[in-house]
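So the chains spell out like this:
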Amino acid sequence: MKNILVITAIVLSFISCNDDILDITAKDRIADDAVWNDENLIRAYHNSLYNAIPHGFYIHMFSKFTDEAYNSAPGNWGAGIFVYPYTADNITEVGNGDYWGGYLYYWNRGYEYIRKVNVFLEQMAETPFSFDDKEQLIGEAKFLRAFIYFNLIERFGGVPIVAQSYELGEVTFTRNTFDECVEFIEKDLDEAMPVLPEKYASADANFGRATQDACKALLSRVLLYAASPLFNTSNDINKWQKAADAAAALLSSDYSLYPDYREAFILPSGSENNELIFTRNFTTTNGHQAPMHNLNRRYGAYGGWWGSNGPTQNLVDDYDMINGEPPFIYADGVKTINPASGYDPDHPWANRDPRFEATITHDSTIYHGDLMEMWIASNGATWGFDSYKQSGDNPRTNYVLKKFMPNEDVALSWQDFYTNPWIYFRLAEIYLNYAEAMFELGEEGICREYISKVRERAGMPPIPANVTGEDLRKRLYNERRIELAFESHRYFDVRRWKIAMDVENRPIMGLDVIKNVDTGEKTYTEVLLLERSFEERMYLLPIATVEINKNEGSIVQNPGWE
Amino acid sequence: MKLTTILLLLTFLNVTANSFSQNSRLTLALKNVSIQDVLDVLENSTDLKFLYRNETISDKKISINASNASVEEILDEALVGTGISYKLLSNNLIVIAQEEFLEKQGIKISGNVTDADGMPLPGVNILLKGTMEGTVTDVDGNFSIDVPSQEAILVFSSVGYISEEISIGAREVINISMVPDVTALEEIIVVGYGEQKKETLTGSVVNVSGKEIKKSPSSNLISSLAGKLPGLSVNQRSGEPGRDDPSILIRGVGTFVSDPADLAEANAPLIIVDGVPRSQMSRLNPDDIESISVLKDASAAIYGARAANGVILITTKKGIIGKPVFDFAYNYAVHSPTKIPDMLDAATFAEVYNEGDWYRKGRPVDNYVPFYSDEAVQKYRDGSDPVLYPNTDWMKEVLKPYSIQRRMSLQVNGGTEFVKYLFSFGSLFQDGNYYHNPTDYRQYNMRSKIDIDITKNLTVGVNLYTILNNRTYSPVVTWVNFYNILHSNPTLVAQYPNGLTAPGRLGENPLLLDQRGTDKIEDTPIYSTFTASYKIPFITGLKIDGSFNYDISNQFEKRFSLPYYYYEYNVNTGEYERKQGTGASTVELWDTYRKWTTMMYNIKIVYDRTYNNHHVSAMLGLEKQKNSYQFAEAYRKNFVSSAIDQIDVGSTDPADKNNSGSASATGYNNYFGRFNYGFSSKYLFEFLFRYDGSQIFPEGKRYGFFPGFSVGWRLSEEEFIRNNLLFVNQLKLRFSHGQTGNDRVDPYQYLQSYSFGDNYVLGSGDVPGIYANTIPNSNITWETSKKTDIGLEASLWNRKLGMELTLWQEKRSNILAQRNLSIPNIYGFSSLPSENIGKVDNNGYELVLNHRNTAGKLAYFIEATVSFARNKIVFMDETPQVEPYQNQTGHPIGAGLYYKADGIFNTKAELDSFPHPGGSRLGDIKIIDLNGDEKINAQDQFRFDYTATPEYIFGLNMNLQYRYFDLSIFLQGQTNAYNYDNAFVKLGNTDFDNAVVERANDRWTVDNPDGKMPRADAYQVGATTLFLYDATFIRLKTLELGYSLPSKITSKLKMKDIRLYINAFNLLTWAKEIKWADPEMSGDLTYYPQQRIINIGANVKF
């Protein structure tokens, strides 16, 4: 009996001594102080900052918010904004994520990354810990902050400038003007450039990092936007001059247009392409699925989901004929065939700008060795395998996106990830930025020259010297539409040019291919797919009502969205 | 000896009949003594017992002078001239009474008394009503008694059984079966770290016996609890085998979380199985369950910081002294969904789609070419072209009308004075509801429980059990699968007439799921408990209990995805082309090993003693617990063959491999205690506490003190009630108040930490990233809950009527909430720390009424319960809403924002005269302009007052026993719950999703301008009350009919007991509004539906 008492006493003492049961170190995370004293962890933190800038290969491309693609995605999801107009109340639902909205509503993500960059800059300023490329990493972070701000102002106009990481309740935010934001961006880029390398070759292991050239390219776009009618309301000509200078700064670099327009967008990351200035690269483990999101049902793909990323007839109409003439003339908003173009409505795709075939798949195109059949029999009883009648995953416009889509040598599968990069800046854009700024400065000759350089690569004749004034402006705008199609430019261009009230109010059209099964003869009928209604207030995105409320009156809503 | 005393004694004595002792001879010489003295002498010198009334013999004096006389001779002499006589009964009983009474020679009645299981019941008292005459049953339950006439009534009574009165009538043989008194006052209830008598319980604790649970054929233990325990809300939202765990709430929802998906988890009660917080409660073998108790009030405070949501205590059976008893049960069941939504047929679908398309195109007056031509619609309708114009009923194609479930259980139980044991084995197989989907569930339960008295004072025990289970599913997520079943449009072919399987929706035809691989999950847990109890020899009532518990849960998951193929009819070539589906393009495999461990030990000192009228008990203990979790994951693709699902068959190319792993650990350190004092079992007091330490919180803030107390007053023990209100058996008032905590918080929130992720690509290679986790909150602490209960318990008219009413109130504070709502996103916090800022009030009541009685051979028991719980957010960090009616504060947790709908716009005039959003057209939902600003925008939403969690829960339980038959009917219901189903809303959208028939019926169209439902592809400004449906329902939850074979037959078969039964689960459902799906749903209808089970079974004891 005594033994039992002894054992009990031993057990008790053993139990009561063991007090450290609550001291458990975390096994799946690292503490703050460990990060900022470890070069590898600092780099890892810095690497993750690059995720700040959205790429364009999300399921819903920006094209869906424009007249580039037909959007039929249902409900409030992602791109549904023209079917169900967005408001300040639902804007976070329609565009806050990489999945549905591709960060149309970039506000939350933008500020989240601004904070991350600010934390990084503050830690680097404080820490005595030093390593070889510390200054370069700081420069890259400043470039990223500038890029984030640009993404904010192109959507919202002037936004609050937050240059440090504030603690809770420390500050009341107010919106800075658009010009103040541009100044802030310029300052960040000015500080970044001296510590950054000039450039990396596109096949370099560091390609994708910020460089001096990336800073210049960003500045070129920022200043072009700042000079544009939407933001330059007084048409301050100095702004165009600054834009022109910024673009010119890159013209002397040794970039060159990639010879093959189609191939330029399907080369895997790490390929040699001297047109690229700054891209987001991908690998097979960290890749995108743009082909499966955009191709037709034949390949098991979803045609942009619900067949709703199909290029529109509106875009197709804007491809010039191979002779350099636009196929259509719009007189008082009425579309008529341009007799000089040689456009044949019975063969609508014949003799077009080669970029048309490089960008868009249509009926009777051969893609991946397959003959595309988008036709429907005149009696409606039979139809082509790629027509919308066959599957809701074949785009209703009867056009399929081809830009970015791989050639025969690459398998099409949901299992695979694709690595062709998302291009943020390439030389052709800089040419067009320059052309536009010079046009506004009255230098029409230079404007034609640079537009023509872009056309030349595609195999198109130059802009004739007799195209001047507003006609040249139309060609300039159209060149940008064609050359940069599906690269997330159109949405912003139609706004900054303030032409959206016109083009975004045009209905979205598709093309029905009607086949007489007996004769094999095909006829082409345009079909209205979507009536749209663009309002003046849509030039800028609304700030979410909930965010306005949180700021208790210090943040002013964009006009028309109050 | 007084009659009552004798009767009582007899109950406990061995009543084996000896030869009648009147044969013994006595010599007696007494003078002028009372009769009682004589009888006392006789009782002392023989084994005879006398039954008499004191009044009968009190004033009589007698003299006796007997030598070597028999008892009869002595009695004859002693009683002569007194007017008193005697009568010999069986069992050595002699009744002394008035002559005239005894002379009434009547009828001899004999019979047999059994318990509810048909076992003979010895020692039952049988009294002739209105007299003191009676007898008791022998060891075989037999009795015989003489009664004066056919009008006589016999009263049968026995401890633990309900007394019964039987009129004799013309019968000479009376066999009865006694109904156990389940709420007998002696009932013992398991409470935190101990047991208490229900009689003197002062906390709000309910319990249910294992026997009651077994009446449900559901394979899921928790789902069998629905409605059985007042205050416990069990909502089953899925019927998928092995994944059908319902959500459990005790007294509703008491706390909120930032992500509504975590609400059930944050409000989940603490579950203790045999003393240890354990997983897989729902997978326990129902045959192993002794009882389940639920601590609802301050009585949970002994579990401290984990008890705010209440505690469920599960106690398993243990060995009982006696010969081994084998108990075998076999159950065979068919199950099927309770309700499958009726979806549109192809022709209707096409029409609806055309309508939506026409609206989307701006309702053109002419030149509109419908998406589906009239001809096509006709073909869908007449089925003339099943290849191009099919009419597919996807549910019928995919789901079997019924599936199989089998359960088997074998248990042996017994013991000696020193060793008691129980061994049990159970197995379960449950098939999925599909034709072409590998879903099924297998489970094996094993338990061994042994208790040994090693010395007089030391008892040790071991309780080992496991719940092995194998779950097999398709690698395709269940809701996706149901989306592909329910929303697949009926104009898609499921299977071509030639037998080839078509692509289905997005190439994900559910008929292909048997080709796409499997997701197999294997659980092999071991739960172990070792106990020791030592009675301190020198101090009566003092003992030390200790237990050591180690649980290890191993899980291996094998997700094997295969490329799959379907055939697609090519309209141009007329051929069926074989195509690869959208899933895996090569064979790929994920192997995941997960391991959880719990090590817990406790030791407690228990003192329990009664001094005269004072009952004192005290317990003090300490407990330490350490949990760990770790996992490792491996992946490969490009397998050489799909024949072997092992990782090493995969490609060794680095690009084809991947792996992952991580770990976490938690620890608790607690001290707890309880003190009880009772005076005369009349005035009761209890105090309990826990001093709880958890590693979740920063150093110095790790410990919290959680006290609770309760008092009880048994009015029925007071003289004034005992003497005046004789129908009162039990009447008790109780009150409790206490504090508990909720520590379901992510750990390390007090530290700034970084996690790996957010990788990027530079050049053509990945570069690693890390990102900062939530900013730290160094002040983080417990969420606290203050609970107050007041209760009244009554048992009246010989327990024929029982009642229990509890009113309760709970105040939660320090609820961890994020200040998200008032902090501008411009700060750039990716997420905000939880802070102890939220407050919620929750209150309600529980009422239980029961009635038990017998009517002839029919014994019945009816119990009705109602529980009500309503919560209200008192404070949360809320964005200042423009309109006060949108605030969450003041409304229940999880209450949604809805636009108030007032039907639809049926006329142009109506549309023009009411404000409406830009997208609204004729046939759209008419939304009320709540703030009267002539605009419909977010400000017109209002905060609704109900959620999918019901406020009222009902249960109605009826048990009937008639001879060898027993019938149990259990109805369950809920009200004050509403469900908004996003999937139901859709009709004729561009996504080609099929819709529910009820949504399409009476929709507004140009031809049906008076329709009540909105048009196809109706403009949705947001969720509106038009589609918010009352989820009130009543269902026949369980029904059981059993037949026990008479003992005549079982004894011939050398069996103790054989019972055959049929039972059913979710047999019938009446729903108020949600008639297209199971009304117990929450959210969208794309989920695995709840099951109706019909089961036959047999139970054999030998």
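Residues numbered from 1 in each chain as written. Chains lettered and ligands numbered in written order. Predicted model: local features only at pLDDT ≥ 70, side-chain atom pairs only at ≥ 80, totals over all residues. Heavy atoms only, no water.

Student: Can you help me understand the overall build of chain B in this one?
Tutor: Each helix and strand counted, chain B has 16 helices and 56 strands in total. With respect to the three principal axes, the spread of C-alpha positions in chain B is 130 × 70 × 70 Å. Across the 1102 residues that make up chain B, the buried fraction comes to 57%. Long-range contacts, defined as pairs at least 24 residues apart, comprise 70% of the intrachain contacts of chain B with a sequence gap of at least 6. Put simply, chain B shows about 44400 Å² of open surface, and 56% of that area lies on carbon and sulfur atoms. Within chain B, one finds 107 positive and 126 negative side-chain charges whose respective centroids are separated by 4 Å. (Helix = DSSP H or I, 4+ residues; strand = E, 2+ residues; numbered from the N terminus. Buried < 20%, exposed > 50% of the residue type's maximum accessible area, 1.4 Å probe, protein only. Contact = heavy atoms within 4.5 Å. Areas by Shrake-Rupley, 256 points an atom, 1.4 Å probe, with all protein chains shown as cover. Lys, Arg positive; Asp, Glu negative; His and termini not counted. Charge placed at Lys NZ, Arg CZ, Asp CG, Glu CD.)

Student: Whenever I open this one, the interface of chain A and chain B confuses me. Can you help?
Tutor: Reports often express the size of an interface as the amount of accessible area lost when the parts come together. Taken together, the 100 residues of chain A in the interface contact 99 residues of chain B. Here chain A is connected to chain B by one salt bridge. Counting across the interface, chain A meets chain B through 20 residue pairs in polar contact (both at pLDDT 80 or more). Those elements that provide at least two residues to the side of chain A that touches chain B are α1 (2-17), β1 (30-31), α2 (32-35), α3 (39-49), α5 (107-126), β2 (276-280), β12 (522-530) and α18 (545-550) of chain A. Of the residues that constitute the side of chain A that touches chain B, the class distribution is 45 nonpolar, 30 polar and 25 charged. Bridge count for β1 of chain A against strand β38 (residues 753-756) of chain B is two bridges, and the pairing is antiparallel. Bridged to Ala31 of chain A within β38 of chain B is Ser753 of chain B. (Salt bridge = Lys/Arg side-chain N within 4 Å of Asp/Glu carboxyl O. Polar contact = N/O pair within 3.5 Å; in protein donor to acceptor, adjacent residues only side chain to side chain. Nonpolar A, V, L, I, M, F, W, Y, C, P; charged D, E, K, R; others polar. Pairing = 2+ DSSP bridges.)

Student: I keep staring at the nonpolar core and nothing clicks. Help me out?
Tutor: A general tendency of soluble globular proteins is for nonpolar side chains to be buried together. Counting 174 residues, the largest nonpolar core has Phe120 and Phe143 of chain A as the members making the most contacts within it. Once residues within four sequence positions are removed from consideration, Phe143 of chain A is found in contact with Leu189, Ala192, Ala210, Ala214, Cys215, Leu218 and Phe278 of chain A. (Core = buried A, V, L, I, M, F, W, Y, C linked by side-chain atoms within 4.5 Å.)

Student: Teacher, can you tell me more about helix α2 (residues 35-45) of chain B here?
Tutor: Residues spaced three or four apart along an α-helix point in a common direction, a consequence of the helix completing one turn every 3.6 residues. When we look at burial in α2 of chain B, the residues that qualify are Ile35, Val38, Leu39, Leu42 and Glu43 of chain B. End-on, the buried residues of α2 of chain B take up no more than an arc of 135°, which puts them together on one face. (Arc of directions from axis to C-beta.)

Student: So what exactly am I meant to see when it comes to the sheet that holds strand β11 (residues 508-515) of chain A here?
Tutor: Each strand in a sheet pairs with its neighbour through backbone hydrogen bonds, running either in the same direction (parallel) or in the opposite one (antiparallel). Residues and elements named next belong to chain A. The strand order across the open sheet built from three strands is β8-β11-β12, with neighbouring strands paired in mixed fashion. On the outer flanks of this sheet lie β8 (375-377) and β12, each paired with one strand and no other. In this sheet, neighbouring strand axes are inclined to one another by 40° on average, regardless of whether the strands run parallel or antiparallel. Note: β8 against β11, three bridges, orientation parallel. The residue of β11 that forms the bridge with Ile376 is Ile514. (Axes fitted to C-alpha atoms, helices over the stretch in contact; angles between N-to-C directions.)

Student: Help me out: how do you make sense of the confidence of the model for chain B in this one?
Tutor: A low pLDDT score tells you not to read the predicted coordinates there in detail. Averaged over every residue, the pLDDT of chain B is 87; the share at 70 or more is 95%. ipTM for the predicted complex: 0.92, alongside a pTM of 0.78. (pLDDT = per-residue confidence, 0-100.)

Student: Would you mind showing me how to read a positive patch on the surface here?
Tutor: All names here are of chain B. Side chains of Arg171, Lys857, Arg963, Lys1048 and Lys1052 sit close together on the surface and give a patch of like positive charge. Residue position: Lys857 is located in the loop between β44 (834-855) and β45 (858-875). Classification of Lys857 by relative accessible area gives partly exposed; the value is 40%. (Patch = residues over 30% accessible without salt bridge, like charges linked within 9 Å, V, L, I, M, F, W, Y side chains within 5 Å.)

Student: Sorry if this is basic, but what is going on with the pattern of salt bridges here?
Tutor: A side chain with one charge can pair with a side chain of the opposite charge if their charged atoms come near. This model, assessed by the stated rule, comprises 93 salt bridges over all chains. Salt-bridge contacts for Glu804 of chain B lead to Arg734 of chain B; the nearest nitrogen and oxygen are separated by 2.9 Å. Of this pair, Glu804 of chain B sits in strand β43 (residues 801-818) while Arg734 of chain B sits in strand β37 (residues 728-742), placing them 70 residues apart in sequence. In this structure, Glu804 of chain B and Arg734 of chain B share a single accessibility class: buried. Among the ionic contacts, a cluster of salt bridges with common partners joins Glu275, Asp320, Asp353, Arg355, Lys403, Arg426, Arg455, Arg457, Glu479, Glu483 and Glu487 of chain A.

Student: I keep staring at a negative patch on the surface and nothing clicks. Help me out?
Tutor: Taken together, the side chains of Asp259, Asp262, Glu265 and Asp746 of chain B define an acidic patch exposed on the protein surface. For Asp262 of chain B, the location among the structural elements is in the loop between β17 (247-250) and α7 (263-266).

Student: Help me understand the environment of Tyr389 of chain B, please; the structure alone is not making it clear to me.
Tutor: For Tyr389 of chain B, the location among the structural elements is in the loop between α9 (374-382) and α10 (394-398). Of the residues examined, Tyr389 of chain B reaches a relative accessible area of 6% and is grouped as buried. Separated by eleven residues in sequence, Tyr389 of chain B and Gln378 of chain B place their C-alpha atoms 9.2 Å apart. The residues touching Tyr389 of chain B, leaving out its near neighbours within four places in the chain, are Gly380, Ala381 and Trp383 of chain A together with Ala376, Lys379 and Tyr380 of chain B.

Student: Explanation requested: the packing of aromatic side chains in the structure shown.
Tutor: The geometry of two aromatic rings is summed up by the distance between their centres and the angle between their planes. Residues and elements named next belong to chain B. Scanning all chains against the criterion turns up 102 aromatic pairs over all chains. Ring plane angle 65° and centroid distance 5.3 Å describe the contact between Tyr380 and Tyr389, whose orientation is recorded as edge-to-face. A centroid spacing of 5.6 Å and a plane angle of 90° characterise the contact between Phe984 and Tyr1029, whose relative ring orientation is edge-to-face. Taken as a pair, Phe984 in helix α14 (residues 982-985) and Tyr1029 in strand β53 (residues 1028-1030) lie far apart in primary sequence, 45 residues in all. Grouping residues by exposure puts Phe984 and Tyr1029 together as buried. Taking NZ or CZ as reference, Lys900 lies 4.7 Å from the ring centre of Phe942, over its face. (Phe/Tyr/Trp six-rings, centres within 6.5 Å; stacked < 30°, edge-to-face > 60°. Lys NZ or Arg CZ within 6 Å of the ring centre and 35° of its normal.)

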